[in-house]
Amino acid sequence: MVIFASSTGYAILAAVGSIFVIVLGYIASMLFRSGEFAASVRRMAFLDGKDVKLELCFANKTSKAKTYTDLGLAIKTKKGYVPVAYLDHAPFLKGSDSLSVGSSLALTVGKMAKATFVLDFFLKEQSGTDYYLFCRSGKKCYVASIDLSSYKQKPIYFHSLSSKAAAALTK
């Protein structure tokens with residue numbers, strides 16, 4: 001049996017495929033734009049495993065300067081996020097053109113700018129659990145999973161926390 005396809009069938013199939021691709025592209029762009037900033041992190045290698053130095057690269061994708069406060073490391077338990085270390089002193093700045101350190105350790109990244117800096121944390125005890133980097137920008141608190149066992153530059157993906165979960169991370 002031979003099935004003959006008409007040009008109308010191909011046109012309908014092409015239109016449906018095009019609409020499907022456009023919808024997927026729209027969804028992808030919404031997911032990309034939902035984050036206010038893009039970031040990548042690399043752990044720097046040192047002898048002491050409790051001394052955690054992270055090279056953090058922020059890219060501000062908004063048309064306003066962004067300020068990040070209350071940076072720290074946390075672990076996740078059954079009850080939620082538990083802070084294990086806070087940023088206690090000013091980080092080492094790399095490419096400080098678009099980054100300024102405020103009096104309360106607030107990091108400001110200019111509009112549509114990228115900034116790289118080194119954060120220094122000290123863990124009282126090192127555990128084999130997953131660690132999370134958290135920060136506050138405005139009224140929102142963000143958290144991202146990081147891999148402290150790797151020394152390679154990796155992208156990290158921040159997502160916002162509820163106000164209850166964010167309250168546990170403030171000093």
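These figures come from a predicted structure and were not determined experimentally. Each chain carries its own residue numbering, running from 1 in the written order of its sequence. For this predicted model, a pLDDT threshold of at least 70 governs which residues receive local features, and a threshold of 80 or more governs which side-chain atom pairs are given and counted, while totals over whole chains, interfaces and linings are taken from all residues. To obtain the side-chain values, all non-hydrogen atoms of the structure were included, while hydrogens and water were left out.

A few words on the overall build of the protein. A run of H or I in DSSP becomes a helix once it reaches four residues, and a run of E becomes a strand once it reaches two; helices and strands are each numbered from the N terminus. Looking only at helices and strands, the protein has two helices and 12 strands in total. Shown N-terminal to C-terminal, the secondary structure of the protein runs as helices and strands in the order α-β-β-β-β-β-β-β-β-β-β-β-β-α. Residue pairs in contact within the protein that sit at least 24 positions apart in sequence constitute 62% of those at least 6 positions apart. Here the Shrake-Rupley method, with its probe set to 1.4 Å, supplies the accessible areas, and only the displayed protein chains count as covering residues. Summed over all atoms, the accessible surface of the protein reaches about 10,900 Å², with 62% contributed by carbon and sulfur. Contact criterion: two residues are considered in contact whenever any of their non-hydrogen atoms come within 4.5 Å of each other.

In this scheme Phe, Tyr and Trp rings, the latter by its six-membered ring, pair at centre separations within 6.5 Å, and the angle between planes marks the pair as stacked below 30 degrees, edge-to-face above 60, and tilted otherwise. Going through the model one piece at a time under the given rule, you end up with five aromatic pairs. Seen from their ring centres, Phe-58 and Phe-117 are 5.8 Å apart, and the 40 degrees between their planes marks the pair as tilted. With Phe-58 in strand 2 (residues 51-60) and Phe-117 in strand 8 (residues 114-122), this residue pair connects regions lying 59 residues apart in the sequence. An angle of 90 degrees between the planes, with centres 5.8 Å apart, marks the rings of Tyr-86 and Phe-134 as edge-to-face. Of this pair, Tyr-86 sits in strand 4 (residues 80-86) while Phe-134 sits in strand 9 (residues 131-137), placing them 48 residues apart in sequence. Neither Tyr-86 nor Phe-134 differs from the other in exposure class; each is buried. One aromatic cluster in this structure is built from Phe-58, Tyr-68, Phe-117 and Phe-158. Categorising residues by exposure relies on relative accessible area from a 1.4 Å probe, with only protein chains included: less than 20% of the type maximum marks a residue as buried, more than 50% marks it as exposed, and the intermediate range marks it as partly exposed.

For the rest of this paragraph, the subject is the confidence of the model for the protein. As a per-residue measure, pLDDT tells how confident the predictor is, with possible values from 0 to 100. Per-residue pLDDT for the protein has a mean of 76; in total, 77% of the residues score no lower than 70. When mean pLDDT is taken per element in the protein, strand 10 (residues 140-146) scores highest with 89 and strand 6 (residues 99-101) scores lowest with 49.

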